[in-house]
Amino acid sequence: MAQNRPHRKKPGDGATLSVTELGSLLESLYAGLTGARPWQAFLDRLRVLFAAKDVTLTLRFPSREAGGAVVFSADTYMAEAEQAWNTHFFALDPFEGLPPEQVCSIGDVISTERWRQSEVYRDYLRPLGIEHILALEVHHPDGAQCRLRITRDAETGDFDQRDKANLRLLTPHIRIAIGMQARLSHLEFSHRLLAGTVDKLSVGSVLLDTRCEVMFANDMARRLLDGSHGLSVVQQRLVASNARDNAAMQQRIQKALKATPAETPTLVEAMSVGGFAREQRLSLLIRPVSGVEEARPGKTPAVAVFLRDTQGSSQASAELIRQLYDLTPTETSVAMLLADGLTTDEVAQALGIRLNTVRVHLRGIFAKTGADRQSALVRLLLNSVAALA
């Protein structure tokens, strides 16, 4: 069954991109960077513009956390073909070593005879119906690199000078975009690292916007906001189940929201919400967010709320505690239970051993950690790097 081919302008009916076409392409490029599938809309538009069979973009970033990506636009996605390219034919790319920002077609780098005798054409491209390729390499000053390949079948014809001029017109924007994505990827990685660290410290963090609506909550906060701790999210707002607690919390949030620039660095409000018993309540710390200008009404971080369940168990890693202080398995178990607030009697019951045996292990723990009493040991364990693992 014949596929619907993208419309392509014929020579002579328009030499370069119109302002509208260029604007549409750039919108898909830059707006797409923050979407769920960066570059995809841009490549789809390129495929139409160049009447291409497919368009492939390969990104490589210098930092490990940013990694890289391969984005593909075609009528039909073929996983086996992609795997074959990535595992073997990638190394046979005829444009390998192409100078940055130089737009080339096959005829610019190899004769037609040699091209059709090449392994990559004979065994990979021709079976896929690919006859012509337009190539571009873009290198960003920060180290990010982009490899763009646009293909056509024999029926559509080779790329002409107008096609090359259009791709050259887009090249500076592609360079800017790969730099932006590298920075966005780095920021996303830093955000995940920070959020994960805060989770390990058993601290819930919630960001409220200028309308007091929840913009973000980390994993720990989502667990604490399930309603069982006296605090939940209702219609995108933080709400305490106890009316008095809720009134006090909303008052403190409004105070943080209205803080002047001079007050922002030092303004901190604290309170607790939840059950009647103190040990059943969540501790809250509320403070304004500084240094963020409002980009659009309501959608700017304005207030940070930190939550802590004082009865929550320590998340310190038992294995790391053992490694840090060269503890035996039983000493490690004793230390972890003490860090969770158990008494020596409760530790003995939990481990099914005698109280005197717990005391013997405790003396060993003191000797290895340098702590001289239980309170000092608990403080040492909770402040160690094991809590961040």
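As a starting point, this report considers the structure included with it. The structure presented is a predicted model; accordingly, all values stated were derived computationally and were not measured.

## Things to note about empty space enclosed by the protein
Alright, step 1. In this structure the tally under the stated criterion is 1 cavity of 30 Å³ or more.
Alright, step 2. There is about 370 Å³ of room inside the largest cavity.
Alright, step 3. What lines the largest cavity is a set of 22 residues, among which Asp54, Thr56, Phe72, Trp85 and Tyr124 lie closest to the centre.
Alright, step 4. Elements that contribute at least two residues to the lining of the largest cavity include exactly strand 1 (54-60), strand 2 (68-74), helix 3 (79-87), helix 6 (119-125) and strand 5 (145-152).
Alright, step 5. Per-element accounting of the lining of the largest cavity gives the leading share, 4 residues, to helix 3.
Alright, step 6. In the lining of the largest cavity, the residues fall into 13 nonpolar, 4 polar and 5 charged.

## A look at a nonpolar patch on the surface
Alright, step 1. A contiguous nonpolar patch, built from Val268, Leu285 and Phe306 and spanning about 200 Å² of accessible area, is present on the exposed surface.
Alright, step 2. Relative to the assigned elements, Leu285 resides in strand 11 (residues 281-288).
Alright, step 3. Taking relative accessible area as the criterion, Leu285 reaches 31% and is therefore assigned partly exposed.

## Comments concerning the nonpolar core
Alright, step 1. Counting residues in each nonpolar core, the largest one holds 31 residues, and the members touching the most others are Trp39, Phe42, Leu46, Leu148, Ile150 and Ile174.
Alright, step 2. Elements with a minimum of two residues in this core: helix 1 (19-32), helix 2 (40-49), strand 1, strand 4 (132-139), strand 5 and helix 7 (161-200).
Alright, step 3. If near-sequence neighbours (up to four positions away) are discounted, Ile150 is found in contact with Phe50, Ala52, Asp54, Val55, His132, Ile133, Leu134, Phe159 and Leu167.

## Considerations on the environment of Ala135
Alright, step 1. When you line up the elements, Ala135 lands in strand 4.
Alright, step 2. Judged by relative accessible area, which is 0%, Ala135 ranks as buried.

## Considerations on the pattern of salt bridges
Alright, step 1. Counting across every chain of the model gives 18 salt bridges.
Alright, step 2. Here Glu96 and Arg147 are joined by a salt bridge, their closest N and O atoms 2.9 Å apart. One end of the pair, Glu96, is in the loop between helix 3 and strand 3 (104-105); the other, Arg147, is in strand 5, with 51 residues separating them in the sequence.
Alright, step 3. The partner of Asp219 in a salt bridge is Arg222, with the nearest N and O atoms 2.2 Å apart. Of this pair, Asp219 and Arg222 both sit in helix 8 (residues 219-224), separated by 3 residues, roughly a single helical turn.

So, how was this worked out
Residues numbered from 1 in each chain as written. Predicted model: local features only at pLDDT ≥ 70, side-chain atom pairs only at ≥ 80, totals over all residues. Heavy atoms only, no water. 1 Å grid on protein atoms, 1.4 Å probe; cavity = no way out; pocket = protein on both sides within 12 Å on 5 of 7 lines; lining within 4 Å. Points joined across faces, edges and corners; volume = space filled by probe spheres on them. Helix = DSSP H or I, 4+ residues; strand = E, 2+ residues; numbered from the N terminus. Nonpolar A, V, L, I, M, F, W, Y, C, P; charged D, E, K, R; others polar. Patch = residues over 30% accessible without salt bridge, like charges linked within 9 Å, V, L, I, M, F, W, Y side chains within 5 Å. Areas by Shrake-Rupley, 256 points an atom, 1.4 Å probe, with all protein chains shown as cover. Salt bridge = Lys/Arg side-chain N within 4 Å of Asp/Glu carboxyl O. Buried < 20%, exposed > 50% of the residue type's maximum accessible area, 1.4 Å probe, protein only. Core = buried A, V, L, I, M, F, W, Y, C linked by side-chain atoms within 4.5 Å. Contact = heavy atoms within 4.5 Å.

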